[in-house]
Amino acid sequence: MTRVFPCALCALALSVAASHAKAVGIETIYKTVTIAPGSVRTAIDADCTAGVVVGGSWYSNGDSDMFVYRSRRDGNGWRIGARNTDPNNSISATSIAYCATG
């Protein structure tokens, strides 16, 4: 089971951006890493290649052993901080940035 945590403010930011005369688009950037068993804190950055980040979110491969201690805008992207608490198995985690373009 995949857990997804959407950005609640993204819809608001997109509607405000869309209300301007200029056409606005959204680019979604994904950055996935594998976190080793029992690892210490791992930062995962999804950086916008163009435009401005308007929000972000994250998901994991459904493993309940992932602990997310940070999820925030960082520079021109979205950063999550995660830790794998499983002492035996690796897990995958993804940081997602939603970038306004146009």
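See the structure printed just above.
This is a predicted model, so every value here is computed, not measured.

### A look at the overall build of the chain
Within the chain, the regular secondary structure consists of one helix and seven strands. Ordered by position in the sequence, the α and β elements of the chain form the string β-α-β-β-β-β-β-β. Within the span of the chain, comprising 102 residues, buried residues form 31% of the whole. About 5700 Å² of surface is accessible on the chain, with carbon and sulfur atoms providing 54% of the total.

### A short note on the side chain of threonine 94
Tracing the backbone through its elements, the reader meets threonine 94 in strand β7 (residues 91-101). Taking the relative accessible area as the measure of exposure, threonine 94 reaches 2% and is therefore buried. A polar contact of 2.6 Å, which involves the side chain of threonine 94, links it to the side chain of threonine 32.

### Some thoughts on the pairing of strand β5 (residues 66-73)
Side-chain positions along a regular strand alternate between the two faces of the sheet. One ladder, built from seven bridges, connects β5 with strand β6 (residues 77-84); its direction is antiparallel. Bridging across to β6, valine 68 finds its partner in alanine 82. Counted along the chain from β5 to the antiparallel partner β6, the turn is three residues long, and its residue glycine 75 has a positive phi close to 65 degrees.

### Quick word on the state of the cysteines
A complete count under the given rule lists one disulfide for this structure. Each sulfur in the disulfide pair cysteine 48 and cysteine 99 lies 1.9 Å from the other. Where cysteine 48 bonds to cysteine 99 through sulfur, the torsion about that S-S bond is close to -85 degrees, and the disulfide is left-handed. Residue cysteine 48 is found in the loop between β3 (42-47) and β4 (52-60), and its partner cysteine 99 is found in strand β7; the two are separated by 51 residues along the sequence. Look at cysteine 48 and you get buried, because its relative accessible area is 10%. The class of cysteine 99 is buried, set by a relative accessible area of 0%.

### Considering the environment of tyrosine 30
With respect to the element layout, tyrosine 30 can be found in strand β2 (residues 25-35). For tyrosine 30, a relative accessible area of 52% translates into the label exposed. Through-space distance from the C-alpha of tyrosine 30 to that of glycine 56 is 9.9 Å; in sequence the pair is 26 residues apart. If we skip the residues at most four places from it in the chain, tyrosine 30 touches Tyr59, Thr94, Ser95 and Ile96.

### Things to note about the sheet that holds β3
Here three strands make up an open sheet; going across it, the order is β3-β6-β5 and the pairing antiparallel. The outermost strands of the open sheet, each flanked by one partner alone, are β3 and β5. Going from strand to strand, the sheet's axes swing by 20 degrees on average, the running direction of each strand aside.

Definitions and limits used
- Residues numbered from 1 in each chain as written.
- Predicted model: local features only at pLDDT ≥ 70, side-chain atom pairs only at ≥ 80, totals over all residues.
- Heavy atoms only, no water.
- Helix = DSSP H or I, 4+ residues; strand = E, 2+ residues; numbered from the N terminus.
- Buried < 20%, exposed > 50% of the residue type's maximum accessible area, 1.4 Å probe, protein only.
- Areas by Shrake-Rupley, 256 points an atom, 1.4 Å probe, with all protein chains shown as cover.
- Polar contact = N/O pair within 3.5 Å; in protein donor to acceptor, adjacent residues only side chain to side chain.
- Pairing = 2+ DSSP bridges.
- Disulfide = S-S within 2.5 Å.
- Contact = heavy atoms within 4.5 Å.
- Axes fitted to C-alpha atoms, helices over the stretch in contact; angles between N-to-C directions.

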